[in-house]
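So you can see what is in the structure, the chains are spelled out below.
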Amino acid sequence: MSDNSLSPAYFDALYAKDADPWRFASSDYERAKYQATLDVLPSRFSRAFEIGCSIGVLTRRLAERCDSLLAVDVAEVPLAQAQMRCAELDHVAIRRMQVPQEWPPGRFDLILFSEVLYYLSPADVARAARCTRGSLRQGGTVLLVHYILPTDYPCTGDVASGIFIAEMGRVPILQRREAEYRLDLLRA
């Protein structure tokens with residue numbers, strides 16, 4: 001584990017070399033994980049917040065179930081792709097934001113962290129959970145989806161998810177573990 005979250009420069013460098021470094025648009029793994037993500041969510045949300053939207057592949061699919069969706073990422077290059085992918089969707093806002101240091105105002109009935117918490121230090125994971133707790137509507141949903149195999153990121157998927165869940169003070173209503181990722185669904 002590392003005491004420091006990965007910087008925006010880390011992601012800028014990745015996307016400068018490859019417009020889709022994790023193959024979000026073409027990977028069978030990503031396609032199956034996105035479907036599993038959507039399958040565990042309730043059917044409709046009035047206001048949703050997606051952290052780590054990258055190039056907007058999941059954002060586009062999630063938008064079909066939201067009246068309003070704020071999708072953010074720390075790197076500019078993928079945000080341009082996300083904006084193009086969601087250009088005709090007036091209810092979707094794509095923004096550059098470094099979570100948890102930056103956090104939007106208002107309340108949400110869905111907050112989604114998909115493949116993002118392990119890039120944060122343990123302290124920042126806990127801070128993200130506190131921000132989430134403070135902006136989740138009564139009865140709202142939090143979904144964590146994280147890769148669980150070894151990485152060289154500040155946290156593993158299991159460690160990041162564990163810290164977040166403990167800081168939220170909620171027992172997940174659903175936990176699902178696949179060969180390479182886990183899903184944790186929490187309710188306010």
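Along each chain, residue indices are assigned from 1 in the same order as the chain's sequence is written. Per-residue local features are limited, in this predicted model, to residues with pLDDT of at least 70; the limit for side-chain atom pairs, both in listing and counting, is 80 or more; totals at the level of whole chains, interfaces and linings are taken over all residues. Hydrogens are left out, water is left out, and the side-chain values use all remaining heavy atoms of the structure.

Asks: I keep staring at the packing of aromatic side chains and nothing clicks. Help me out?
Replies: How two aromatic rings sit relative to each other is given by the distance of their centres and the angle of their planes. Two rings belonging to Phe, Tyr or Trp (six-membered ring only in the last case) form a pair when the distance between their centres is within 6.5 Å. Interplanar angles under 30 degrees mark stacking, angles over 60 mark edge-to-face geometry, and anything in between is tilted. Applying the stated criterion across every chain, the model contains 12 aromatic pairs. Ring geometry for Phe49 against Trp103: centres 5.1 Å apart, planes inclined by 85°, an arrangement best described as edge-to-face. With Phe49 in strand β1 (residues 45–51) and Trp103 in the loop between β3 (92–96) and β4 (108–114), the pair connects residues that are 54 residues apart, well separated along the chain. Helix and strand assignments come from DSSP, with helices taken as H or I runs of at least 4 residues and strands as E runs of at least 2, each series counted from the N terminus.

Asks: Even after reading the chapter, I still don't get the sheet that holds strand β7 (residues 181–187), so can you show me in this structure?
Replies: Taken together, 7 strands build an open sheet; the order of strands is β3-β2-β1-β4-β5-β7-β6 and the sheet is mixed. The open sheet has two free edges, formed respectively by β3 and β6 (174–177), since each of these has just one partner strand. Recorded for the sheet is a direction-independent mean angle of 10° between the axes of neighbouring strands. Two residues qualify as a contact provided that any one of their heavy atoms is within 4.5 Å of a heavy atom in the partner residue. Fitted lines through C-alpha atoms serve as axes, helices being fitted only where they are in contact, and the angles separating the N-to-C directions of these axes extend from 0 to 180 degrees. Contacts from helix α4 (residues 76–85) reach β2 (66–73) and β3 within the one sheet, and its direction differs from that of β3 by about 170°. Contacting β4, β5 (136–147), β6 and β7, helix α6 (residues 157–168) crosses the sheet at an angle of about 165° to β5. At least two bridges found by DSSP between two strands is the condition for calling them paired.

Asks: Even after reading the chapter, I still don't get the environment of Leu144, so can you show me in this structure?
Replies: Among the structural elements, Leu144 can be located in strand β5. A C-alpha to C-alpha distance of 9.6 Å links Leu144 and Gly157, two positions 13 residues apart in sequence. Once you skip the residues sitting within four places of it in the chain, Leu144 turns out to touch Phe113, Leu117, Ser161, Phe164, Ile165, Arg182, Leu183, Asp184 and Leu186.

Asks: Please clarify how the side chain of His146 should be interpreted in this entry.
Replies: As for its position among the elements, His146 is in strand β5. For the exposure calls, accessible area comes from a 1.4 Å probe over protein chains only, and a residue counts as buried if that area is under 20% of its type's maximum, exposed if over 50%, partly exposed in between. Accessibility expressed as a relative area gives 0% for His146, which makes it buried. A polar contact of 3.3 Å, which involves the side chain of His146, links it to the backbone nitrogen of Val116. Polar contact criterion, stated in full: a pair of N or O atoms within 3.5 Å, where within protein one must be able to donate a hydrogen and the other to accept it, and residues adjacent in sequence count only if both atoms are side-chain atoms. At 2.9 Å, the side chain of His146 forms a polar contact with the backbone nitrogen of Leu117. Excluding its chain neighbours within four sequence positions, the residues that come into contact with His146 are Phe113, Glu115, Val116, Leu117, Tyr118, Gly157, Ser161, Glu180, Tyr181 and Arg182.

Asks: Is there a simple way to explain the environment of Arg182 in this structure?
Replies: Structurally, Arg182 can be placed in strand β7. A residue is classified by how much of its surface remains accessible, and Arg182, at 11% relative accessible area, is buried. Measuring from C-alpha to C-alpha, the distance between Arg182 and Ser161 comes to 8.9 Å, with 21 residues separating the pair along the chain. If near-sequence neighbours (up to four positions away) are discounted, Arg182 is found in contact with Leu144, Val145, His146, Ile148, Gly157, Asp158, Ser161, Ile165, Gln175, Arg176 and Arg177. There is a polar contact of 2.8 Å between the side chain of Arg182 and the side chain of Asp158.

Asks: Sorry, what's going on with α4 here?
Replies: Because an α-helix packs 3.6 residues into every turn, residues spaced three or four apart end up facing the same way. Taken together, the buried positions of α4 are occupied by Pro78, Leu79 and Ala82. In a view along the axis of α4, the buried residues occupy a sector of 105°, so they form one face of it. Working note: the arc is built from the helix axis to C-beta atom directions.

Asks: Looking at this structure, I do not really get the pattern of salt bridges. What am I missing?
Replies: Any carboxyl oxygen of Asp or Glu within 4 Å of a side-chain nitrogen of Lys or Arg constitutes a salt bridge here. Inspection of the entire model under this criterion finds 12 salt bridges. Arg44 serves as the salt-bridge partner of Asp67, at 2.8 Å between the closest nitrogen and oxygen. Placement of the pair is Asp67 in strand β2 and Arg44 in the loop between α2 (28–40) and β1, with a sequence separation of 23 residues. What makes Asp67 partly exposed here is its relative accessible area of 45%.

Asks: Explain α6 here, please?
Replies: By this rule, a helix spans an expected 1.5 Å times one less than how many residues it contains. Along its 12 residues, α6 runs 16 Å from first to last C-alpha, staying within 8% of the 16 Å computed at 1.5 Å per residue. Considered for burial, the residues of α6 that qualify are Gly157, Ala160, Ser161, Phe164, Ile165 and Met168. Each buried residue of α6 sits inside an arc of 125° when the element is viewed along its axis, so together they form one side. Looking at the packing, one finds that the buried side of α6 touches β4, α5 (122–135), β5, β6 and β7.

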